[in-house]
Amino acid sequence: MRSIRQRTNRWLGLGLGLALVLTACNGGETEPADPDTDTTEEETEEETEEEPADDAEAAPDEGPFTIGVSNGFTASEWRTQMIANLEEAAAEYQEQGLVDELIIENDDVDEAGQIEQIRNLVNAGVDAIIINPNSPDALNAAFDEAAAEGVLIYAVDQAVTSESVTNVVIDQSEWAQISAEWLADEVGEGAEIVMVNGIAGHPANEARVSGAMSVFEEADIEVLANANADWSQAEGQSVMQELLSQYGDQIDGVWAQDGVAEGVLRALIDADRLDLATTGEARAGYLRLWDENDVDTIGVINPPGVAVTALRVALMELQGETLDGSQLTDGNTLLLPLPDSFTNENLDEALERAEGEPDGYSLDVILSEEEVAEFFE
């Protein structure tokens, strides 16, 4: 199912084509008016003028809509939660008659593979695509192709440069700066730290590293090593063990992000190095490990629910609503508010929110329909 704009243009084109065919059949001549008819020439002209306006002012589409999802990285509890969130929300919208089908392309692929995912979704007839992109710009040609077919596209978690896409994201650089500033205060000017990051080259990872580095440079903190652990707990633990082996007592603190944080913390516990200040994310397992070991740390929230927020944006636009341009950064980026973070001062609140959830669960935030409506005219 395509958007109303594409369908309206198609029907207008068909109407124009039919008119040309009828004119050709009459030899280009107008038949004389029937003297017995009660319709005057003036009334006929008025009706002729009104009909195209009625066609052009078609009512907003009420759905149901077909929504596509493209996810090119699966080795993360965060991504699993993102997909589960979307499936749950789509099921609710299906009950309301607003969503017809949720088509998910979910696999570990490179940029070429994600381009194929996008094209598969377009060929399946989706009205909108929600994508967690593998690159900020390598997918742009595929985005342009999809947009030319009338498909609305929304990037979540990580922003892209294409003007064919609306980014519905948190500011990943600012997100990283929150924990970097906390760590800088803990270790002090002139300290030496190591960084354990996600996947090199991914838009969110690069934005986070850039944001954190800007804080450390300003605070005169030396980064001894900037390592990548592919957003994996196991890899995070292994990388941190190597860094401890290499730099030992030279390290004053650790800046870790996202899924690597729990692995980093386990490495510090195993090495009896809880004297080091470290950063982490508000995931259930990390919060429990933190509480059990009386760790000096911070937990920031990177909400997987951003994808459901993007779904709400998509459904409003598909129904004819218009985003308020003043709410957009750089013309196509909707920056969502950053959730509150947790320290030892409010750890109990975080633990309460994580109660009953699996260790991989990220404390989440999903904007309501009412909150999303505030981004529209």
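Fair warning: this is a prediction, and the values are worked out from it, not measured in the lab.

Draft legend 1. Quick look at the overall build of the protein chain. Within the protein chain, the secondary structure is distributed over 13 helices and 11 strands. Each of the 377 residues in the protein chain was classed as buried or not, and the buried ones make up 48%. Looking at the protein chain alone, contacts between residues at least 24 apart form 73% of all its contacts between residues at least 6 apart. Within the structure as shown, the protein chain displays about 17800 Å² of accessible surface, and the carbon and sulfur contribution to it stands at 44%.

Draft legend 2. Quick peek at unusual backbone geometry. Cis geometry marks the peptide bond from G63 to P64; its omega dihedral reads 0°. Of note, P64 is situated in the loop between α2 (41-56) and β1 (65-71). With phi around 55°, D272 is a residue other than glycine that occupies positive phi space. Here D272 is to be found in the loop between α9 (261-270) and β9 (277-281). A relative accessible area of 65% means that D272 is categorised as exposed. We note that D330 has phi near 60°; this positive angle belongs to a residue other than glycine. With respect to the element layout, D330 can be found in the loop between α11 (306-318) and β11 (333-335).

Draft legend 3. Up close: the packing of helix α4 (residues 111-123) against helix α5 (residues 140-148). Contact geometry of α4 with α5 gives a least axis separation of 9 Å together with a crossing angle of 5°. Taken together, the axis directions place α4 and α5 in an arrangement best described as roughly parallel. Residues I115, I118, R119 and V122 of α4 lie in contact with α5, whose contacting residues are A142, F143, E145 and A146. A class-by-class count of the residues in the contact of α4 with α5 yields six nonpolar, no polar and two charged.

Draft legend 4. Region of interest: the confidence of the model for the protein chain. Taken residue by residue, the protein chain gives an average pLDDT of 88. The fraction at 70 or more is 84%. Considering only residues more than four positions removed or in separate chains, one finds that residues 3-58, a stretch of pLDDT under 50, has 21 contacts.

Draft legend 5. Region of the structure containing the packing of helix α6 (residues 172-187) against helix α7 (residues 203-218). Two numbers describe how α6 lies on α7: the axes approach to 7 Å, and their chain directions differ by 40°. As for how α6 packs across α7, the hand of that crossing is right-handed. Contacts from Q172, S173, W175, A176, Q177, A180, E181, L183 and A184 in α6 reach A204, A207, R208, G211, A212, S214, V215 and F216 in α7. Its residues assigned to classes, the contact of α6 with α7 shows 10 nonpolar, five polar and two charged.

Draft legend 6. Looking closely at the sheet that holds strand β3 (residues 128-132). If you walk across this open sheet you meet the six strands as β2-β1-β3-β4-β5-β11, and the pairing is parallel. Of all strands in the sheet, those with a lone pairing partner are β2 (99-106) and β11, marking the two edges. Sheet twist, expressed as the average angle between the axes of neighbouring strands with direction ignored, equals 20°. Its contacts with the sheet put helix α3 (residues 77-95) on β1, β2, β3 and β4 (152-156), and the angle it makes with β2 is roughly 165°.

Draft legend 7. Spatial organisation of the nonpolar core. Counting 54 residues, the largest nonpolar core has I67, F216 and L315 as its most contacted members. Here this core takes 10 residues from α11, the largest share from any one element.

Draft legend 8. Representation of the sheet that holds β9 in the model. Here five strands make up an open sheet; going across it, the order is β7-β6-β8-β9-β10 and the pairing parallel. Each of the sheet's edge strands pairs with one partner strand only, and the pair in question is β7 (222-228) and β10 (297-300). Along the sheet, successive strands turn relative to each other by an average axial angle of 20°, direction set aside. In the sheet, strand β6 (residues 192-197) pairs with β7 via six bridges, with the strands oriented parallel. Paired with I193 across the two strands is V223, which belongs to β7. Each of β6, β8 (253-256), β9 and β10 is contacted by α6, which is oriented at about 160° to β9, the strand it contacts most. Here helix α10 (residues 284-293) sits on the sheet in contact with β9 and β10, set at roughly 160° to β10.

Draft legend 9. Summary view of the pattern of salt bridges. Counted under the stated rule, the structure contains nine salt bridges. For D258, the salt bridge goes to R208, with nearest N and O atoms at 2.8 Å. A residue pair is termed long-range when its members are at least 10 positions apart, and D258 in the loop between β8 and α9 and R208 in helix α7 qualify at 50 residues. Each member of the pair, D258 together with R208, is buried. Taking the shortest distance from any N to any O, the salt bridge between R266 and E262 comes out at 3.0 Å. Taken together, the residues R266 and E262, both in helix α9 and four residues apart, mark about one turn of the helix. E262 gets classed as buried once you look at its relative accessible area, which sits at 5%.

Rules behind the numbers
Numbering of residues starts from 1 in each chain and follows the order in which that chain's sequence is written. Totals for whole chains, interfaces and linings use every residue, but because this is a predicted model, local features are given only for residues with pLDDT of at least 70 and side-chain atom pairs only at 80 or more, for both listing and counting. With hydrogens and water excluded, all non-hydrogen atoms of the structure serve as input to the side-chain values. Helix and strand assignments come from DSSP, with helices taken as H or I runs of at least 4 residues and strands as E runs of at least 2, each series counted from the N terminus. Burial classification: accessible surface area is computed with a 1.4 Å probe over protein chains only, and a residue below 20% of its type maximum counts as buried, one above 50% as exposed, and the rest as partly exposed. Whether two residues touch is decided by their heavy atoms; if any such pair falls within 4.5 Å, the residues are in contact. What sets the accessible areas is the Shrake-Rupley method with a 1.4 Å probe; for residues, cover comes only from the shown protein chains. Fitted lines through C-alpha atoms give the axes, limited to the stretch in contact for helices. The angle between two N-to-C directions lies from 0 to 180 degrees. Should an angle fall under 35 degrees it is called roughly parallel, over 145 degrees roughly antiparallel, and 65 to 115 degrees roughly perpendicular, with every other angle called oblique. For this classification, Asp, Glu, Lys and Arg are treated as charged, while Ala, Val, Leu, Ile, Met, Phe, Trp, Tyr, Cys and Pro are nonpolar and the rest, including Gly, are polar. By definition, pLDDT measures how confident the predictor is in each residue, and it falls between 0 and 100. In this scheme the crossing of two helices becomes right-handed for a clockwise turn of the near helix relative to the far one and left-handed for an anticlockwise turn of less than a right angle. Strands are treated as partners if at least two bridges between them are detected by DSSP. In this description, a nonpolar core means a group of buried Ala, Val, Leu, Ile, Met, Phe, Trp, Tyr and Cys residues linked to one another through side-chain atoms lying within 4.5 Å. Salt bridges are counted wherever a side-chain nitrogen of Lys or Arg sits within 4 Å of a carboxyl oxygen of Asp or Glu.

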